[in-house]
Amino acid sequence: IAHHPGATLLPAGSAGLRPRRRVRHPPTVMSLELSLAHTVRTFQSLTQIASEIEQASELILATLRQGGRLLICGNGGSAAEAQHFATELVGRYLRNRPSLPALALSADGSLLSCIGNDYGFDQVFSRQIAGLARPGDLVIVLSSSGNSANLLAALEEASRLALHHNGMAQAG
């Protein structure tokens, strides 16, 4: 069955498989000035959570100093952030230094599709944590919404395994 961009298929059993057209909305345009102002406000607001940022930093440092690994996960843009964070730790950030142990759990497309197909997308991170985590590891969850079922399941699995874990979600 061919699938055309901009169309969704009706479920089987409904009057056949006919494409439904999606309603297209005009893109939202933000000026450079508005974008910069928003960015400045975001950075200024970080002072309100400075103690939480410091606690997360201390937990990350303690985990690495004690030989633990960072298992980092997120969806969409947060998955990209998880991968970027892990690569900076394993690779190089600012200067040459020993590689640090970090894994982005969103980086292996074959593994994600395998777990998603066999167990459901809600388990794509928790299943990896169950198989890869060791005592002393730290699970870091990045989210813009804070309520994705697969990320909540990852935190639950980290708790079940008595791992340290930290969730970072965008406020508002």
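Residues numbered from 1 in each chain as written. Predicted model: local features only at pLDDT ≥ 70, side-chain atom pairs only at ≥ 80, totals over all residues. Heavy atoms only, no water.

A. Quick peek at the side chain of Ser-78. Structurally, Ser-78 can be placed in helix α3 (residues 77–90). Judged by its relative accessible area of 13%, Ser-78 falls in the buried class. (Helix = DSSP H or I, 4+ residues; strand = E, 2+ residues; numbered from the N terminus. Buried < 20%, exposed > 50% of the residue type's maximum accessible area, 1.4 Å probe, protein only.)

B. Summary view of the confidence of the model for the protein. Mean pLDDT over the protein stands at 84; residues scoring 70 or higher make up 81%. Confidence scores differ between elements of the protein, with strand β1 (residues 7–9) showing the lowest mean pLDDT of 36 and strand β4 (residues 102–104) the highest of 98. (pLDDT = per-residue confidence, 0-100.)

C. Spatial organisation of unusual backbone geometry. A positive phi angle is found at Leu-94, which is not glycine, with a value near 70 degrees. Along the chain, Leu-94 turns up in the loop between α3 and β4. Judged by relative accessible area, Leu-94 falls into the exposed class, the value being 71%. Even without being glycine, Ala-162 reaches a positive phi, approximately 60 degrees. Looking at the element boundaries, Ala-162 is found in the loop between α6 (149–160) and β6 (164–169). For Ala-162, a relative accessible area of 68% gives the class exposed.

D. Layout of the pattern of salt bridges. In total, this model carries two salt bridges according to the counting rule given. Salt-bridge contacts for Arg-69 lead to Asp-137; the nearest nitrogen and oxygen are separated by 3.1 Å. You can see Arg-69 sitting in the loop between α2 (50–65) and β3 (70–73) and its partner Asp-137 sitting in the loop between α5 (126–132) and β5 (138–143), a full 68 residues away along the chain. As far as the burial class goes, Arg-69 and Asp-137 line up, both buried. Salt-bridge contacts for Arg-160 lead to Glu-157; the nearest nitrogen and oxygen are separated by 2.7 Å. Here Glu-157 and Arg-160 lie together in helix α6, a separation of three residues that amounts to about one turn. Take Arg-160: its relative accessible area is 58%, and that puts it in the exposed class. (Salt bridge = Lys/Arg side-chain N within 4 Å of Asp/Glu carboxyl O.)

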